[in-house]
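# Structural features, examined
This is what each chain is made of:
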Protein chains: 6
Amino acid sequence: MNSNIHTFIGCDAAFDESEIVIFGAPYDSTTSYRPGARFGPPAIRNESFGIETYSPYADKDILDYKIFDAGDIELPFGAPEPALDMIEDLAAEVISSKKLPVMVGGEHLVTLGAVRAAAKVYDGLHVIQFDAHADLRDDYLGASLSHATVMRRCGDIIGYGNIHQFGIRSGDREEFRFAEKNTDMHKFSLDDINGVKERIGGAPVYLTIDLDVLDPAYFPGTGTPEAGGVDFCALISALDAVCSLNVIGADMTELAPVYDLSGASTALACKLMRELLLRLVK
Amino acid sequence: MNSNIHTFIGCDAAFDESEIVIFGAPYDSTTSYRPGARFGPPAIRNESFGIETYSPYADKDILDYKIFDAGDIELPFGAPEPALDMIEDLAAEVISSKKLPVMVGGEHLVTLGAVRAAAKVYDGLHVIQFDAHADLRDDYLGASLSHATVMRRCGDIIGYGNIHQFGIRSGDREEFRFAEKNTDMHKFSLDDINGVKERIGGAPVYLTIDLDVLDPAYFPGTGTPEAGGVDFCALISALDAVCSLNVIGADMTELAPVYDLSGASTALACKLMRELLLRLVK
Amino acid sequence: MNSNIHTFIGCDAAFDESEIVIFGAPYDSTTSYRPGARFGPPAIRNESFGIETYSPYADKDILDYKIFDAGDIELPFGAPEPALDMIEDLAAEVISSKKLPVMVGGEHLVTLGAVRAAAKVYDGLHVIQFDAHADLRDDYLGASLSHATVMRRCGDIIGYGNIHQFGIRSGDREEFRFAEKNTDMHKFSLDDINGVKERIGGAPVYLTIDLDVLDPAYFPGTGTPEAGGVDFCALISALDAVCSLNVIGADMTELAPVYDLSGASTALACKLMRELLLRLVK
Amino acid sequence: MNSNIHTFIGCDAAFDESEIVIFGAPYDSTTSYRPGARFGPPAIRNESFGIETYSPYADKDILDYKIFDAGDIELPFGAPEPALDMIEDLAAEVISSKKLPVMVGGEHLVTLGAVRAAAKVYDGLHVIQFDAHADLRDDYLGASLSHATVMRRCGDIIGYGNIHQFGIRSGDREEFRFAEKNTDMHKFSLDDINGVKERIGGAPVYLTIDLDVLDPAYFPGTGTPEAGGVDFCALISALDAVCSLNVIGADMTELAPVYDLSGASTALACKLMRELLLRLVK
Amino acid sequence: MNSNIHTFIGCDAAFDESEIVIFGAPYDSTTSYRPGARFGPPAIRNESFGIETYSPYADKDILDYKIFDAGDIELPFGAPEPALDMIEDLAAEVISSKKLPVMVGGEHLVTLGAVRAAAKVYDGLHVIQFDAHADLRDDYLGASLSHATVMRRCGDIIGYGNIHQFGIRSGDREEFRFAEKNTDMHKFSLDDINGVKERIGGAPVYLTIDLDVLDPAYFPGTGTPEAGGVDFCALISALDAVCSLNVIGADMTELAPVYDLSGASTALACKLMRELLLRLVK
Amino acid sequence: MNSNIHTFIGCDAAFDESEIVIFGAPYDSTTSYRPGARFGPPAIRNESFGIETYSPYADKDILDYKIFDAGDIELPFGAPEPALDMIEDLAAEVISSKKLPVMVGGEHLVTLGAVRAAAKVYDGLHVIQFDAHADLRDDYLGASLSHATVMRRCGDIIGYGNIHQFGIRSGDREEFRFAEKNTDMHKFSLDDINGVKERIGGAPVYLTIDLDVLDPAYFPGTGTPEAGGVDFCALISALDAVCSLNVIGADMTELAPVYDLSGASTALACKLMRELLLRLVK
């Protein structure tokens, strides 16, 4: 009998032959309101058998591509530095093997680990952020590493002007003032996404999707639901735009399955993962 | 004291005087992912007292029409043939009495029983399907009778060209290839519905609504939620279009109440049932 | 050590210095379908710490204004008269102190207490109602004071022509007939809101928001979810229009938190409260 | 086709031939904490098809007896007097037909209606109460008719000494002081039940079971769960003892299904109803 | 990077070196009331990381033993014969390799597949059943293969006298009559378990645990909760008694995780699995 | 109008006049499995109005005593040291004012802050722990401060022999080996509690109740439910025994309300808090 391999649906290639590597980063210790994003990666993997491998949007099938699912990193809870180091190490290994890392959070802070790894390899890196929250605080409750500071920390590395923010509809006044002066922020919707394409050109892009960019009607399964978000079709359209750029890594974060007992949020995340993968493969 | 009659709100006519006959088909044994549609019919009946009998959309009131609620068929679980035979028999009895059958599922396979009955009486029958899923597999996990094959089986009877599919956004590649060549498939939305009216003309039409055609934001209470669906108002508009045709029977399927603890999905289904009935009465 | 003051986020001014006074009216005894709106006020207060005090919509911050949270009135259950008297008394005290009352229900009947207080002070009062339900019955199950009669009772006081209803999509036939002849009813959406501004001019306006005007996709946490409602952005836009008028009091009612286990409905109500307050301050 | 009769499982006799009459009293307007007991009667009826008609405890089968299910009384919400009158009328009709009334609440106050009817016919009536709460307040929040005063009101009619209370573990100090002097109260458990048999002898007994006498482990589906209660087997044993007396009517109250999403509370109530009926039949 | 092996906690031996083989049988198509047991096996595997590998009850640690987790059989839905054949084949392969099969259901019917395999190898096989339900019907809703007939079918193979039933508290009258004459039934509790040891002696024993033998207080996560069951400690004690016999295979069935949102039922099942494994290892 | 003071029911004394000070410690960042204990303190405070202030167990009423509710400490998330310091500071302030601190967690690690404060003032301090888990690891996932190490850390301060553990039924093998040699551990139940009284005599005692000592049947609302626990009455009895000693502080931890949607766990915790307070007052 064979062993019991457990992957996101259809992502059962070996590491060496794969062009994309999926991994989970189940960390949520800096979550200040409702925790639970640590359970996002296993939920997406378990429920992925409920969706098809074929996408009628992209007219492609996951079974036709080589994707490796590396499972979840075993991250410690509490202080974030060790977790970020482990994420950075894994992302670096994927990137150095000329593969695309696609990470599933966990809280949004996990993005920092992957961006650190990417910024060391790719000069002039841009980050495109789909999110309800600005995440631009300089510190939060005294901590410089937090879900609420993650984009500020990314900007510390790649330059604030290379942070492109879409769908933002929550933050304190200082964050919005900071964004006006420093980052490329587009409030409330993803509509301006095509405008950014020209600006970025062929430069390397890391895409980070905080799933709470979606309206809670479509995605209630998250720790901090923010009314006034985008719908699934708008997100797929924006994905088309971003993936026509030179994307070198991506993530989706902040699925907290316990808050959506219907399972619809997890199902949406699985489908979004499929669409993301099928837009990143060559 | 009187006996304790229990019907969908306002549908308390006697069989003989009625123009429409409602019945439940609480079967979900071929459901491959999350079962529970068997509880759809009692949920709709129980919760219907929470809606009004008057529709401001149609400016009509159920109390002004004669509708009989026959309750639920007592269907066996397991193999589908006996259940389909019982559904066909009841639908045939309704049709032979010159009444319109309106069935509440149950999983989508129950539609096959009603379509068999209708096809024996009505030549040139068309089926209009609102659904997230193509349901066009030739077999599924080795079974030819399944929620995933039901439209293929209907097409076997009435001809694939008479199958008009709307809102479809999930299936395997073969189903979409099959649809391109054989059925009248309209992906993702109900927008093309008026285009089909001319094509069908005065021919008899059976309408089957798999409720997962709705976006899970509007209808999380279903076994296989598929992001990217339509909203309630679009569905009501499409209903207007279909019901201007020669509809000889209809169903709504795949409400699984346990997955929506808010009750909003069941309430929507009750309201949709009211709107459907008020568009089918003469 | 200080005592343990508990208010809606940022609303910690003293009564005397405040320009707005928030209070809860946790009454739901006439609810005929699913009760639970009595738990709306504490839910909004408890969960308000999950939102920001700054609004990027209004570019204002609650911390910059003086708002007093008076807590919840201790209302008796059962017959509504004593509860309505207590609400009227508190609202009258707020109004006589030249402050704006903002009430959180409870079922929609609580509005009557506040309107009674306002009508005694403000001549030519108008009421703008955002609601799924007409609430225009003359009596309901034999009672003249009910969530289903509350707008009829308000009209008895201020004249039916001064009742402006938006988003209405449920009621019995008589209510819609009554509205055609007597009130200013706009069915299904809030789109006509600007049309009413000219008609009202500088007259005093009381705004009552039954949260079920929102589609259950956005707001499942309510006793009687009605498909076909408006979304959050439409509601915020309409709020902009109304708050450009001479609003002298407002309420939001019918949050029943137990029906939305995701917490998204309560979070939306908190955010809407923030937006309402920031549009009412001077 | 036959009409759609809906009864507690196996209770489909006609009124005239029956020895027991079941009816629901879906009223909960004086509930001061968490409402929802109004949905107890339909829940018990709907879910009763999930249990067997045969009891291995009693070695009897419901199908061998004649029981009529009269459905639910359509009670108004708000002030309790009209509801109590309607309950009293129905109970009186059952009693005058020489049948046993078995009522399903609703909040505990509904018991008063049935006790009023019984006390008018049966001299020297005793009431045996299984309950977590003393329900002996003279008034509650200013109201003399309330779930918290119901046993005081019953005692006003039949004499406090004829009130036998078991399992009581909650109340204010005055209630316990009152009970010491006036009623026959047995705190915390049902263990003393046999002691009361001698005292009552052949006198007529009305049994009222507030289901919160059960520990919340066994019965979480109630508005005011009180830790420290009895288990199901203790309740069945106590039922044996009581039903060896001259029981002339009975009820079970305070099932609020929404608080137990597992359905176990409703299933227990269904089974308890079966055991109660099979101990009351002759 | 290694592949992503997914097993019950600590059960990561290779097949050849193992003494016990775990596998899942996720089938529930004949469930007549509330389905969902199909999700039992993945739930137990996913949540097993929440328990310790060491048992203070047995003073043993899973890490010290060789156990192989074969994952779940991919069973078709609908008619049961193909599923039972696949279960029998896998169980036979395990048994022929001189290992103990430990199966996780799925509904209780899956036991028949394993018993068929065991009975072909072991003469004089006994089955010990812990269950709330007799499962002794000869047919159920016309089907001879059903969760309600499974013990009758097992008895057809090994002789009814070799069926030892404990904890039984539900069934129709015929089942209890049949048991009196034919099987070794012990109603309501597991207390008589030691009495059966002498009778069985060294004969081979298959143990089947329908988890609904537990009281719903301890195990609400099952399709048909039956009040009046045993508690966890009683079950562990009975396990001690049974596992002192010559147990050649075992299963636990009827965990339906969706009905216990607290996760306590799944956690109990994981712990019970650990205790079972640690009593079966040598 | 008065400000909106929010306390545990009846605990509205001023700090100076009080003999007991309640405070919340809403921290759960080291929780390794299911987080959510951070919401324990507000849940207990909010739901306390659902219980009586009078206890029939103790025949005392909270209203007769002076207790101050200091609200929740605003603790940072992430690394535990700052949170523990803040807890220690507050506990020290309470103790130095000759009052008893009663803390509500949060995860069990918060106990360490209070024990540090108590150990600095009270020589020969004993800790009595009611818990399902040993919490005796020396480090957990590399961290020395964790819910899984808290009792080891307390023992580092007061001596392992002064740690009295009851109800323990989960841990790794090393913890149980360590306990055998070093602490006073009583597995599985609270039955031996009276035996410890003689040993402790008049020495100061800190009582820590991890609520998961209760069986999940009684208390499912916790992150790591462990079958096989004690019931509520056993816990109350043990409380009687402990509170006859010289208790100088106490806590209850690990209520995670989101996992028990029935509210029964929170209600139990409120009642236990009342019983604890009424046994600690003089």
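The structure this text deals with has already been given above.
We now turn to the structure provided with this report. From a predicted model like this one, the values you see are computed outputs, not experimental measurements.

Let us now look at the pairing of strand 7 (residues 163–168) of chain A. Residues and elements named next belong to chain A. With respect to burial, strand 7 is a largely interior element, 6 of its 6 residues being buried. Pairing analysis gives 4 bridges linking strand 6 (residues 126–130) to strand 7, with the strands arranged parallel. Bridge pairing in strand 7 links Phe-130 to Phe-166. As a crossover connection, the stretch from strand 6 through helix 4 (residues 150–158) into strand 7 is right-handed. In terms of handedness, the path from strand 7 via helix 5 (residues 173–182) over to strand 8 (residues 184–187) forms a crossover that is right-handed.

Here the focus is the relation of the copies chain F and chain C. Note on the copies: chain F fits chain C at an RMSD of 0.0 Å, the axial shift is 0.0 Å, and the rotation between them is 180 degrees. Such a combination of rotation and displacement between the chain copies is what one expects of a two-fold axis. Residues of chain F ranked by C-alpha distance from the rotation axis are headed by Ile5(F), positioned 2.3 Å from it. Same-surface contact between copies: 100% of interface residues of chain F are shared with the interface of chain C.

Let us look at the relation of the copies chain E and chain F. Once chain E has been moved 0.0 Å along the axis and rotated by 120 degrees, it coincides with chain F to within an RMSD of 0.0 Å. The operation mapping one copy onto its partner corresponds to a three-fold rotation axis. Taking the C-alpha atom as reference, chain E places Ala217(E) closest to the rotation axis, 2.9 Å from it. Comparing contact sets, just 14% of the residues at the interface of chain E also lie at the interface in chain F, consistent with a heterologous contact between different surfaces.

So, on to the sheet that holds strand 5 (residues 100–105) of chain E. Residues and elements named next belong to chain E. The sheet built from 8 strands is open, its strands ordered 4-1-5-10-9-6-7-8 with parallel pairing. Unpaired on one side and paired on the other, strand 4 (67–72) and strand 8 (184–187) mark the two borders of the sheet. Here the average twist between neighbouring strands, direction ignored, is 15 degrees. As paired elements, strand 1 (residues 20–25) and strand 5 share 6 bridges and run parallel to each other. Looking at strand 5, one finds that Ala-25 is bridged to Gly-105. The strands that helix 8 (residues 264–280) touches are strand 1, strand 4, strand 5, strand 9 (204–210) and strand 10 (246–253); relative to strand 10, the one it contacts most, it runs at about 170 degrees.

The next point concerns the arrangement of the chains. Spatially, chain C is disjoint from chain E: no contact exists, and the shortest C-alpha separation is 11 Å. The two partners chain B and chain F share no contact, and the minimum distance between any of their C-alpha atoms is 11 Å.

Residue and element names in this part refer to chain E. Along the polypeptide, Thr-222 turns up in the loop between strand 9 and helix 7 (232–243). Here Glu-254 takes part through its backbone oxygen, which lies 2.6 Å from a polar atom of the side chain of Thr-222. In contact with Thr-222, not counting residues within four places along its chain, are Arg-34, Asp-212, Glu-254, Ala-256 and Tyr-259.

Scanning all chains against the criterion turns up 18 cavities of 30 Å³ or more. Reported here for the largest cavity is a volume of approximately 450 Å³. Around the largest cavity sit 38 residues that line it, and Pro220(D), Asp260(D), Ser262(D), Pro220(E) and Pro220(F) are the ones nearest its centre. Mapped by element, the contributors of at least two residues to the lining of the largest cavity are helix 8 (264–280) of chain D together with helix 8 (264–280) of chain F. The element contributing the most residues to the lining of the largest cavity is helix 8 of chain D, with 4 residues. Of the residues assigned to the lining of the largest cavity, the class counts are 28 nonpolar, 3 polar and 7 charged. Reported here for the second largest cavity is a volume of approximately 340 Å³. Forming the boundary of the second largest cavity are 27 residues, of which Asp260(A), Pro220(B), Asp260(B), Pro220(C) and Asp260(C) lie nearest the centre.

Turning our attention to unusual backbone geometry. With an omega of 10 degrees, the peptide bond running from Gly105(A) to Gly106(A) counts as cis. Within the secondary structure, Gly106(A) is located in the loop between strand 5 (100–105) and helix 3 (110–121). Not every positive phi belongs to a glycine, and Phe188(D) is a case in point at roughly 75 degrees. Among the structural elements, Phe188(D) can be located in the loop between strand 8 (184–187) and helix 6 (193–200). Overall, Phe188(D) belongs to the partly exposed group, its relative accessible area being 28%. Positioned with a positive phi, Glu254(D) is a non-glycine residue whose angle comes to about 75 degrees. In this fold, Glu254(D) is placed in the loop between strand 10 (246–253) and helix 8.

Conventions used here
- Residues numbered from 1 in each chain as written.
- Chains lettered and ligands numbered in written order.
- Predicted model: local features only at pLDDT ≥ 70, side-chain atom pairs only at ≥ 80, totals over all residues.
- Heavy atoms only, no water.
- Buried < 20%, exposed > 50% of the residue type's maximum accessible area, 1.4 Å probe, protein only.
- Helix = DSSP H or I, 4+ residues; strand = E, 2+ residues; numbered from the N terminus.
- Pairing = 2+ DSSP bridges.
- Right-handed = clockwise from strand over helix to strand, strands pointing away.
- Least-squares fit on C-alpha atoms with pLDDT ≥ 70 in both.
- Contact = heavy atoms within 4.5 Å.
- Axes fitted to C-alpha atoms, helices over the stretch in contact; angles between N-to-C directions.
- Polar contact = N/O pair within 3.5 Å; in protein donor to acceptor, adjacent residues only side chain to side chain.
- 1 Å grid on protein atoms, 1.4 Å probe; cavity = no way out; pocket = protein on both sides within 12 Å on 5 of 7 lines; lining within 4 Å.
- Points joined across faces, edges and corners; volume = space filled by probe spheres on them.
- Nonpolar A, V, L, I, M, F, W, Y, C, P; charged D, E, K, R; others polar.

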